[in-house]
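The chain contents come next:
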Amino acid sequence: MSKKILKRALALAVAGAVVAPFGAATSVSAAKDGGSRQINEVPVEKLKQGGTFRFVQVDICPNFNTSAIEGNLLNCSQVMNTMLPTFIYFDKNAVLQIDKNYALDIKATRVNGKQTVTYTLNPDAKWNNGKKIGLADFVGMWNAQKKTGQGYNITSVLGYEKIESVKQGKAENEIVVTFSETYPDWQPLFGALKPFSLTATPTDFNTSWKEKPLVTAGPFKFKALDKVTRTITVERDPKWWGDTPVLKTIIFKALPQAAQIDALLNGEIDYMDVGNDTNALKRARENSKVSVRVAKAPTHEHFTFGPVTPATSDVAVRQAIMLSIDRQQIATAIQGVVDPKVKPNNNHVFLDGTACNQDNTGNLGKRDLTAANKLLDGAGWVKGSDGIRAKGGTRLSVKLIYPSGNDNRRDTVLLASAMAKEAGIELVPTLIPSADYFSKYVLVSNFEMAIFAWVGTNFPIASAPNIYKIGSAQNFGRIGNTTIDDLFSKANKILDLKKRCELANQADKEVYKVVHSITLFQRNNVVAVPKNVANFGAFGFTSIDWTKVGFTKGK
């Protein structure tokens, strides 16, 4: 993508459907067709053994600890997914499965009336320092993430705060996790498991993996970080006990979005996320050596508000901004070439094509300048001689930041700015260097209004609240209320899927009312790769298996 994009707190590309608690199915978001993934599936025995896959990113990972707020970026997860334990994954039909490389079995039951999950670990699973993956690692990850205020720079306590104990079971390789209350979406917990050495102290957790991951347990291991060439290299780990990867090495290379299509067509990289780059899409489709692969994906583009200013503290102003913007026009302009049927995204929690999706925008969903002007008039915002409103000496002006090297986000911002001006609202397009965009602005809430994308999960009811909860690290604008928090909390304490969806949608309606953020459109997973790339492409709602990625023979 033209940008780093943020993950919700739950792991995005976790690797299997385990038995749901007490026999109930709890994953409500996976697309019915698995997102119709396109990855050129080829049996590994038909692939060329070895080789290097060059995976392009916009920036290099600032912290390889993906459980830390600084490492909670998609580009960090993309690297670490090759090296960390995962206990579940989503197969080609987006059905949750156990990753038998790490767990022989995972069972959820009730013991003495309490929800209990027992992990039977694969005895062969070891960290590459020789230590077995075991109880200390689970306890360490739980202790680091079960509450804030301990000095650990965590992204979220979600799920971990509901755990009462983590103990050894009847056998050495059994881990028994007991919850203090019902928690339906427990499956992603302990995904991308970290070794105890990383969670032992806050200092270890926050800084010890900033330059490299020190201990891993996956098919690949860390080889090098080169900040000059902006590359991260991983290589086969000979201590890996599972299927030998087809590839010998993977190089994660940071390039500006604008330079990626030339690099791909010149044979310098083996993958680019085309996203909404219509120029890159056109050029890739016209090239006989390149394949464009597309799938429905759990990613949505949006404007989000930062900490409120004298202007945006007024909910009427935030509502008027949303009403002044023609989201359909923006979606068509930016995403229409990729998806001619694109429509605005009208749900923060459940994306189009998934269960429980419905329109929660209420009377804010369609552009209505009359309604916008009425709101602003009623709130005392008066148009000046230049057409921009003011109130009590405060100009209705909001800086809308966007990252450099991203034409689509620039165009989105410019379109929104022109639209809002018709209602007397000044949205000021503000360019930020892409390398600083998240670290110096979004992640530290140093903005008035920003554009980026959220990457969702297959457990949206559990992961979404972290973005809207009062006091959450991912609620960058600190906009919310107890009604929203209570509804999400109730949804995450029951097993009835229908009721959970109803509660989450009720919460989402409230999120729209306070205009925490303005949803724009759902993005398709659009990637371009050389035609000889196999078992890799547009994964949609499914998981990647890095041991199977490779190149076809004879090309």
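As the structure is a computational prediction, the values presented were derived from the model and not from experiment.

Teacher, can you tell me more about the state of the cysteines here?
What we call a disulfide is simply a covalent bond connecting the sulfur atoms of a pair of cysteines. Inspection of the entire model under this criterion finds 2 disulfides. There is a disulfide in this structure between C61 and C76, and the S-S distance comes to 2.2 Å. Across the disulfide from C61 to C76, rotation about the S-S bond amounts to roughly 105°, and the bridge is consequently right-handed. In this pair, C61 is assigned in the loop between β3 (52-57) and α1 (74-80) and C76 in helix α1, connecting sequence segments 15 residues apart. With its sulfur 1.9 Å from that of its partner, C356 forms a disulfide with C501. Looking along the S-S bond of the C356-C501 disulfide, the torsion reads about 45°, which is the right-handed sense. Residue C356 is found in the loop between α8 (327-335) and α9 (369-378), and its partner C501 is found in helix α15 (residues 497-514); the two are separated by 145 residues along the sequence. We classify C356 as partly exposed; its relative accessible area is 23%. For the protein, the bonded cysteines pair up as 1-2, 3-4 when numbered in the order they occur along the sequence.

Hey, could you run me through the sheet that holds strand β16 (residues 389-391) in this one?
Judged by pairing direction, the sheet is antiparallel, and its 3 strands sit side by side in the order β15-β16-β17 without closing on themselves. Of all the strands in the sheet, just β15 (382-383) and β17 (394-395) have a single pairing partner and so form its edges. Direction of pairing for β16 relative to β17: antiparallel, over a ladder of 2 bridges. Bridging from a neighbouring strand, K391 pairs with T394 of β17.

Whenever I open this one, the confidence of the model for the protein confuses me. Can you help?
Averaged over every residue, the pLDDT of the protein is 90; the share at 70 or more is 93%. For residues 1-34, every residue scores under 50 in pLDDT, and the model assigns this stretch 168 contacts once sequence neighbours within four places are set aside.

Parameters and conventions
- Residues numbered from 1 in each chain as written.
- Predicted model: local features only at pLDDT ≥ 70, side-chain atom pairs only at ≥ 80, totals over all residues.
- Heavy atoms only, no water.
- Disulfide = S-S within 2.5 Å.
- Helix = DSSP H or I, 4+ residues; strand = E, 2+ residues; numbered from the N terminus.
- Buried < 20%, exposed > 50% of the residue type's maximum accessible area, 1.4 Å probe, protein only.
- Pairing = 2+ DSSP bridges.
- pLDDT = per-residue confidence, 0-100.
- Contact = heavy atoms within 4.5 Å.

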